[in-house]
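# Structural overview for review
The residues making up each chain are set out below.
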Amino acid sequence: AQKITQTQPGMFVQEKEAVTLDCTYDTSDPSYGLFWYKQPSSGEMIFLIYQGSYDQQNATEGRYSLNFQKARKSANLVISASQLGDSAMYFCAMREGTGGGADGLTFGKGTHLIIQP
Amino acid sequence: DAEITQSPRHKITETGRQVTLACHQTWNHNNMFWYRQDLGHGLRLIHYSYGVQDTNKGEVSDGYSVSRSNTEDLPLTLESAASSQTSVYFCASSEGDEQFFGPGTRLTVL
């Protein structure tokens, strides 16, 4: 079974609209971390946001927020007021365990987001 | 500024040749990782290291090896390159939760 599932291979959104990118995960480990990365056409991996499994509040970073629903094993990324520069591939990833950052990440297959003017 | 670099950025090689991809970070992070990215698969973990002289296999380690002789470097070696190893390779390092990625190396095996 896939550990990270991103069900939206591609999305088209109008500029200035809010965007929700879906991510569900599967783990039996009580301690884990969830990440979102952005990969523009230039290819680099850009860290966006992190949510720990014990964090009580949803993580926010500027226009990015993570809608963490632990019981549903869901960690959706919300981008408010989308911009043309948000067009990119977006990857959800998970770290299992409490390795303090020493564990590799498991990535989903990504969502290709295109913002239209 | 601290950074993580990879070299070469692009490489074309032939089947059966040994290839080494370099990864160098100046954050003094103990944890380093190698991933490969292929269409339809996202990124997959090849090898990782918790520190000097420590290396561990990831999800797709067959045909790859790493060595860690210092904190800054984790070279990835393809012992005998195969066409199935044509991919984009990313190196990353971390000390806390966030992993910092290098710019990637595009490897083509003909």
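Residues numbered from 1 in each chain as written. Chains lettered and ligands numbered in written order. Predicted model: local features only at pLDDT ≥ 70, side-chain atom pairs only at ≥ 80, totals over all residues. Heavy atoms only, no water.

### A look at the overall build of chain A
- For chain A, the helix and strand inventory stands at zero helices and 12 strands.
- In sequence order, chain A lays out its α and β elements as β-β-β-β-β-β-β-β-β-β-β-β.
- The C-alpha atoms of chain A give a radius of gyration of 14 Å, which matches the 13 Å a tight globule of 117 residues would have.
- Oriented by its inertia axes, the alpha-carbon framework of chain A measures out at about 40 × 25 × 25 Å.
- The proportion of buried residues among the 117 residues of chain A is 49%.
- Put simply, 55% of the contacts in chain A that link residues at least 6 apart link residues at least 24 apart.
- Accessible surface, chain A as shown: approximately 5,500 Å² in total, 49% of it carbon and sulfur.
- Each charge class in chain A can be summarised by its mean position, and for the 9 positive and 11 negative side chains these summaries are 3 Å apart. (Helix = DSSP H or I, 4+ residues; strand = E, 2+ residues; numbered from the N terminus. Rg over C-alpha atoms; globule rule 2.2 N^0.38 Å. Buried < 20%, exposed > 50% of the residue type's maximum accessible area, 1.4 Å probe, protein only. Contact = heavy atoms within 4.5 Å. Areas by Shrake-Rupley, 256 points an atom, 1.4 Å probe, with all protein chains shown as cover. Lys, Arg positive; Asp, Glu negative; His and termini not counted. Charge placed at Lys NZ, Arg CZ, Asp CG, Glu CD.)

### Observations concerning the environment of Thr5 of chain A
Residues and elements named next belong to chain A.
- Looking at the element boundaries, Thr5 is found in strand β1 (residues 4-5).
- A relative accessible area of 27% places Thr5 in the partly exposed class.
- Spatially, the C-alpha atoms of Thr5 and Glu61 are 23 Å apart, while their sequence positions differ by 56 residues.
- Leave out the neighbours within four places in its chain, and Thr5 touches Asp22, Cys23 and Thr24.

### A word on the state of the cysteines
Residues and elements named next belong to chain A.
- Tallied over the full model, the rule gives two disulfides over all chains.
- Two residues, Cys23 and Cys92, share a disulfide whose sulfurs are 2.0 Å apart. Across the S-S bond linking Cys23 and Cys92, the dihedral sits near -65°, which makes this disulfide left-handed. In this pair, Cys23 sits in the loop between β3 (19-21) and β4 (24-25) while Cys92 sits in strand β10 (residues 88-96), placing the two residues 69 residues apart along the sequence. (Disulfide = S-S within 2.5 Å.)

### Quick word on the interface of chain A and chain B
- Residue-level contacts link 18 residues of chain A with 19 residues of chain B.
- With both chains or domains summed, chain A and chain B bury close to 1,500 Å², and 53% of this area falls on carbon and sulfur atoms.
- Going through the elements one at a time, β5 (32-39), β6 (46-52) and β10 of chain A are the ones with two or more residues in the side of chain A that touches chain B.
- Considering every element that reaches the side of chain A that touches chain B, the biggest residue donor is β5 of chain A, with three residues.
- Classifying every residue of the side of chain A that touches chain B gives nine nonpolar, six polar and three charged. (Buried area = accessible area lost by both parts, 1.4 Å probe. Nonpolar A, V, L, I, M, F, W, Y, C, P; charged D, E, K, R; others polar.)

### Considering the side chain of His47 of chain B
All names here are of chain B.
- Tracing the backbone shows His47 in strand β5 (residues 42-51).
- Under the relative-accessibility criterion, His47 is labelled buried at 5%.
- Among the polar contacts listed, one links the side chain of His47 to the backbone oxygen of Tyr64, at a separation of 3.0 Å.
- Each residue touching His47, except ones within four places of it in the same chain, is listed here: Phe33, Trp34, Asn56, Lys57, Gly58, Ser61, Tyr64, Ser65, Val66 and Leu76. (Polar contact = N/O pair within 3.5 Å; in protein donor to acceptor, adjacent residues only side chain to side chain.)

### Details of the pattern of salt bridges
- One pass over the structure, following the stated rule, counts six salt bridges over all chains.
- Where Asp26 of chain A meets Lys73 of chain A, a salt bridge forms, and the shortest distance between an N and an O atom there is 3.9 Å. Taken together, the residues span a long stretch of sequence, with Asp26 of chain A in the loop between β4 and β5 and Lys73 of chain A in the loop between β8 (64-69) and β9 (74-79) at a distance of 47 residues.
- The class for Asp26 of chain A is partly exposed, based on a relative accessible area of 37%.
- Two residues, Asp38 of chain B and Arg44 of chain B, come together in a salt bridge whose shortest N-O distance is 3.0 Å.
- Classification of Asp38 of chain B by relative accessible area gives buried; the value is 16%.
- Accessibility expressed as a relative area gives 18% for Arg44 of chain B, which makes it buried. (Salt bridge = Lys/Arg side-chain N within 4 Å of Asp/Glu carboxyl O.)

### Side note on the nonpolar core
- Formed by 25 residues in total, the largest nonpolar core has its most connected members in Val19, Tyr25, Trp36, Ile49, Leu77, Tyr90 and Leu113 of chain A.
- Those elements that provide at least two residues to this core are β2 (10-14), β3, β5, β6, β8, β9, β10 and β12 (111-116) of chain A.
- Listed in part, the 18 residues of the second largest apolar core include Leu21, Ile46, Tyr64 and Leu76 of chain B. (Core = buried A, V, L, I, M, F, W, Y, C linked by side-chain atoms within 4.5 Å.)

### A few points about the sheet that holds strand β7 (residues 64-66) of chain B
All names here are of chain B.
- What the four strands build is an open sheet, ordered β1-β3-β8-β7; its pairing is antiparallel. The two strands at the open ends of the sheet, each matched to only one other strand, are β1 (4-7) and β7. The mean inter-strand angle of the sheet, taken between neighbouring strand axes irrespective of direction, is 20°.
- By the bridge criterion, three bridges tie strand β3 (residues 19-25) to strand β8 (residues 76-78) in an arrangement that is antiparallel. Bridge pairing in β8 places Leu21 opposite Leu76. (Pairing = 2+ DSSP bridges. Axes fitted to C-alpha atoms, helices over the stretch in contact; angles between N-to-C directions.)

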